[in-house]
Amino acid sequence: MASYHKPDEKTLQGLKDIANKLRINSIKATCASNSGHPTSCCSAAELMSVLFFHTMRYKADDPRNQCNDRFVLSKGHAAPVLYAAWAEAGFVKESDLLNLRKIDCDLEGHPTPKLAFVDVATGSLGQGLGAACGMAYTGKHFDKASYRVYCMLGDGECSEGSVWEAMAFASYYKLDNLVAILDINRLGQSEPAPLQHDMETYRKRCEAFGWNTHVVDGHDVEELCKAFWHAQQVKGKPTCIVAKTLKGKGLKNIEDLENWHGKPIPKDKVEEVLKDLQSQIQAPNKTLSPKMPSADAAPADLSPISLPSPPAYKKGDKMATRQAYGIALARLGQGSQRVVALDGDTKNSTFSELFKKAHPDRYIECFIAEQNMVGVAIGCATRDRTVAFASTFAAFFSRAYDQIRMGAISQSNVNLVGSHCGVSIGEDGPSQMALEDLAMFRAIPTCTVFYPSDAVSTERAVELSANTKGICFIRTSRPATAVIYSPDEKFEVGTAKVLHQSDNDVATVIGAGVTLHEALAAYDTLKSEGKNICVIDPFTVKPLDAETILSRARATGGRIITVEDHYKEGGLGEAVLSAVGEEPGIMVTRLAVSAVPRSGKPQELLDIFGISAKHIVAAVRQTFAN
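Criteria and thresholds
- Residues numbered from 1 in each chain as written.
- Predicted model: local features only at pLDDT ≥ 70, side-chain atom pairs only at ≥ 80, totals over all residues.
- Heavy atoms only, no water.
- Salt bridge = Lys/Arg side-chain N within 4 Å of Asp/Glu carboxyl O.
- Helix = DSSP H or I, 4+ residues; strand = E, 2+ residues; numbered from the N terminus.
- Buried < 20%, exposed > 50% of the residue type's maximum accessible area, 1.4 Å probe, protein only.
- Phe/Tyr/Trp six-rings, centres within 6.5 Å; stacked < 30°, edge-to-face > 60°.
- Expected span 1.5 Å × (residues − 1).
- Polar contact = N/O pair within 3.5 Å; in protein donor to acceptor, adjacent residues only side chain to side chain.
- Domains from an automatic or database assignment.
- Contact = heavy atoms within 4.5 Å.
- Buried area = accessible area lost by both parts, 1.4 Å probe.
- Nonpolar A, V, L, I, M, F, W, Y, C, P; charged D, E, K, R; others polar.
- Pairing = 2+ DSSP bridges.
- Axes fitted to C-alpha atoms, helices over the stretch in contact; angles between N-to-C directions.

1. Digging into the pattern of salt bridges
With the rule as written, the count across this model stands at 24 salt bridges. Measuring nitrogen to oxygen at the nearest pair gives 2.9 Å for the salt bridge that ties Asp256 to Arg186. One end of the pair, Asp256, is in the loop between β5 (239-244) and α9 (267-279); the other, Arg186, is in the loop between β3 (178-184) and α7 (199-208), and 70 residues separate them in sequence. What makes Asp256 partly exposed here is its relative accessible area of 26%. Arg186 gets classed as buried once you look at its relative accessible area, which sits at 14%. Connected through salt bridges with shared partners, the residues Lys6, Glu9 and Glu222 form a single ionic network.

Quick look at the structure:
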């Protein structure tokens, strides 16, 4: 092993000086905005100084360069110290720090990727390490590059279970290019953190999770230089730097005291505090520059991704859309090396196992830790390094909803695929049935919601989502249903398919997934009675093709019936209501799951909850009678 060389005294003093400059600028910024978290910044000042001006390798004028080391500030409320570091590096104007949190400034209260040096939005605590795991896994296994990933966490957020999901993941996959820094400043928001300064317990926990662990004085720059150097030498394990720090370090009559979280320094104290910090800077004009990265990661490939050939199905073939998803993903992986897949130990149900069999080196098993899986997928997708698809039962994305919400703020292009939606899964019962997922994903501002109804449309949904910006959600079903589209059918985001229409339709029926097939069965029954209905497949529930729906509704006397394997709240019916709400003379009848379901056979459950073909027929008759 190479031997450690202690930095010279000028370098060490330079790092101490930079730490105090970071404190000064964090205080000035938070005073200018009259809000923020200066004490949380001050505990991390030496950590940031050593990381940014001694340890990390990056191009300061090109923060998003693919070869740069990555940094994730999981304790996002300490954003001012991150902005101050980039000002010290020369990318941010120091004068701009005084515009912190202002409406026309991208230096927001917590970091977002509006800034070129931020890969993922943070601030909802406990999420940064999962994303950092995705970046580190990508660097090690997909890019096969030398860049390293550093993630700083606060001690308060270590109460979040998602932190320990990420710790387990990083250890299992031996992510030796990942360093977590725990800023143990003892104090949470409203009271001390559970372990306060019990550094030995932190050490034992981190070591028990399989991490190479160093407990250090987080305000000793020499000790930090050495710990980060040792982290670079370790193979086969991620490293955790557990840093004992003081909240408000360096601030007289504030340091290590409670009730200073999220409060700027009072006006009557600030001059004295800044003067004291300034007096500790010995070489104010000495600058330390970051080291350059190795140029061993290729630029991002932004070319469109296509299926290598049209779907290989014939009309009338029976295939569950969840299985068609697995087939499509494996085929898409042939078309592009950028496609990667993740799953939460449900790959034999979501059929992502087909991708794993075809492309084992691009599959990540995340086990039963959905929060971390979504975080890892978001990390994998940063800087356009991969096109990531993460799958599980759609119901289980609800426990990762905060990660999904933050993924939208992160401008992530991650693709999430949920199988086993609705009562149509049958005997497994309500704990496995996704009945809220459309509402969840429709509420995400960047999200495109695909709801394919057969194998062909599923393949095209997978292909389109790989090329669509923002979060994409694909809802797949368990039952095998008939293929209704020919392999050459064209699909577009926001464009519905009208499967049946005539000049004398009595109502417009809109179904998706299994309920589209129930609508088609209802069409046949009504046609045998001499009544015609228009049947629409929306394909995407968000954006919804309002133009087509309105056009057909006007042609059918304003009568629309929606039928969905989802609760009424927030689903397909409400999407349609939103689309036609300002149009006079349109009545929407919504058939949806109206109560917590139970185990049973799929068809029994469709009947009991009023979303089967016979209920559609009854609704059409009732609507027409009225």
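2. Observations concerning the packing of aromatic side chains
According to the stated counting rule, one finds 24 aromatic pairs in the structure shown. Ring plane angle 80 degrees and centroid distance 5.8 Å describe the contact between Phe52 and Trp86, whose orientation is recorded as edge-to-face. With Phe52 in helix α3 (residues 45-55) and Trp86 in helix α4 (residues 79-89), this pair connects stretches of sequence that are 34 residues apart. Each member of the pair, Phe52 as well as Trp86, carries the same accessibility label: buried. A centroid spacing of 6.0 Å and a plane angle of 75 degrees characterise the contact between Trp86 and Phe91, whose relative ring orientation is edge-to-face. Given the relative accessible area of 5%, Trp86 is considered buried.

3. A short note on helix α1 (residues 9-33)
For α1, with 25 residues, the first-to-last C-alpha span of 36 Å sits near the 36 Å given by 1.5 Å per residue. α1 sits mainly inside the fold: 19 of its 25 residues count as buried. Here α1 starts with a cap whose side-chain oxygen sits 3.1 Å from the backbone nitrogen of Lys10, and that cap is Asp8. Once α1 finishes, Asn34 follows within two positions and takes phi at roughly 55 degrees, a positive value.

4. Remarks on the domain arrangement of the protein chain
A common measure of how large an interface is: the accessible area buried when the components associate. Annotation of the protein chain at the domain level lists domain 1 (11-103 + 122-280), domain 2 (317-483) and domain 3 (497-623). Using C-alpha coordinates to define each centre, domain 1 is positioned 33 Å away from domain 2. On the domain 2 side, the residues contacting the 26 residues of domain 1 number 24 residues. Taken over both partners, the interface formed by domain 1 and domain 2 buries close to 1900 Å², and the fraction arising from carbon and sulfur atoms is 56%. It is Gln127, Phe142 and Glu165 in domain 1 that bury the most area against domain 2; as a group they hold 28% of the surface buried on that side. In this structure, the salt-bridge partner of Asp143 is Arg385, at a minimum N-O distance of 3.0 Å. Here domain 1 and domain 2 share seven residue pairs in polar contact (both at pLDDT 80 or more) between them. Looking at the side of domain 1 that touches domain 2, the elements that each hand over two or more residues are α5 (128-142) and α6 (161-172). The element that contributes the greatest number of residues to the side of domain 1 that touches domain 2 is α5, accounting for eight residues. Looking at the side of domain 1 that touches domain 2, its residues break down into 10 nonpolar, 11 polar and five charged.

5. What about the sheet that holds strand β16 (residues 532-537)?
Spatially, the five strands line up as an open sheet ordered β14-β16-β15-β18-β19, and their pairing is mixed. Looking at the sheet topology across the chains shown, the edges are occupied by β14 (497-500) and β19 (587-593). Each neighbouring strand pair of the sheet contributes to a mean axis angle of 25 degrees, computed without reference to strand direction. Across six bridges, strand β18 (residues 559-567) lies against β19 in parallel orientation. Across the sheet, residue Arg559 finds its bridge partner in β19, namely Met587. Sheet strands touched by helix α17 (residues 514-528): β14, β15 (505-511), β16 and β18. Its angle to β16, the strand with the most contacts, is close to 165 degrees. Of the strands in this sheet, β15, β18 and β19 are in contact with helix α19 (residues 572-580), which crosses β18 at around 145 degrees.

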